[in-house]
Amino acid sequence: MAIIESENYINALKRSKMKENIKIASYGGHALLKDQDNKCSKCKKDLRAGYYKIVVDPKTKEKKAVCSDCLVQIPERR
């Protein structure tokens, strides 16, 4: 429901007769996923919707998408 309301709002802004261009902020994760071909940065498996996290490397400040399997490491049982 929220998607429909936001689309209506965006369409109303586009139809208005404002002289300035309207810039809409968007989440940068979509471009990151395209750059990684929708694959995990560690294991190269396909990322499933909702089961990945975008992690920022504290040293290089580089963003990477990591799947849930690589994000949570479970040690092997002995």
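Within every chain, residues take consecutive numbers counted from 1 along the sequence as written. Given that the model is predicted, a residue must reach a pLDDT of at least 70 before its local features are reported, and side-chain atom pairs must reach 80 or more before they are shown or counted; all residues, however, enter totals for whole chains, interfaces and linings. Calculated side-chain values reflect all of the structure's heavy atoms, with hydrogen atoms and water omitted.

1. Some words on the overall build of the chain
Runs of H or I in DSSP of at least four residues are treated as helices and runs of E of at least two as strands, each being numbered from the N terminus. Counting its secondary structure elements, the chain contains 3 helices and 2 strands. When the helices and strands of the chain are read in sequence order from the N terminus, they spell out α-α-β-β-α. By its C-alpha atoms, the chain is 70 × 30 × 20 Å across when sized along the principal axes. Looking at the 78 residues of the chain, the share that counts as buried comes to 13%. When contacts within the chain are restricted to residue pairs at least 6 apart in sequence, those whose partners lie at least 24 apart make up 35%. Carbon together with sulfur atoms contributes 53% to the accessible area of the chain, which is approximately 7,500 Å² in total. Counted as positive: Lys and Arg. Counted as negative: Asp and Glu. His and the chain ends are not counted at all. All charge positions are set by atom: Lys at NZ, Arg at CZ, Asp at CG, Glu at CD. The averaged location of the 10 negative side-chain charges in the chain is 3 Å from the averaged location of its 18 positive side-chain charges. Here the term buried applies to any residue with accessible area under 20% of the maximum for its type, exposed to any over 50%, and partly exposed to those in between, with areas from a 1.4 Å probe on protein chains only. The criterion used for residue contact is that any of the two residues' heavy atoms lie within 4.5 Å. Areas reported here follow the Shrake-Rupley algorithm with a probe of radius 1.4 Å; residue values treat only the protein chains shown as occluding.

2. A closer look at a nonpolar patch on the surface
A cluster of nonpolar side chains, Val55, Leu71, Val72 and Ile74, forms an exposed patch at the surface whose accessible area comes to about 360 Å². Looking at the element boundaries, Leu71 is found in helix H3 (residues 68-71). Each patch is built from residues lacking any salt bridge and having more than 30% relative accessible area; the joining distance is 9 Å for like charges and 5 Å for nonpolar side chains (Val, Leu, Ile, Met, Phe, Trp, Tyr). Each salt bridge in this description consists of a side-chain nitrogen of Lys or Arg and a carboxyl oxygen of Asp or Glu lying within 4 Å of one another.

3. Re the pairing of strand E1 (residues 52-56)
A strand pair is defined by DSSP finding two or more bridges across the two strands. Inspection of the sheet shows E1 paired to strand E2 (residues 63-67) by 5 bridges, in the antiparallel sense. Paired with Val56 across the strands is Lys63, a residue of E2. Counted between consecutive antiparallel strands, the loop separating E1 from E2 contains 6 residues, among which Lys61 sits at a positive phi close to 60°.

4. Topic: unusual backbone geometry
Even without being a glycine, Lys44 presents a positive backbone phi close to 65°. Looking at the secondary structure, you find Lys44 in the loop between helix H2 (29-35) and E1. For Lys44, a relative accessible area of 54% gives the class exposed.

5. Some remarks on the environment of Glu5
Mapped onto the elements of the fold, Glu5 is located in helix H1 (residues 2-15). Between the C-alpha atoms of Glu5 and Glu62, which are 57 residues apart in sequence, the distance is 34 Å.

6. Description of the environment of Ile24
Examined against the element boundaries, Ile24 turns out to sit in the loop between H1 and H2. Judged by relative accessible area, Ile24 falls into the partly exposed class, the value being 48%. In this structure, the C-alpha to C-alpha distance between Ile24 and Ile10, residues 14 residues apart in sequence, is 8.6 Å.

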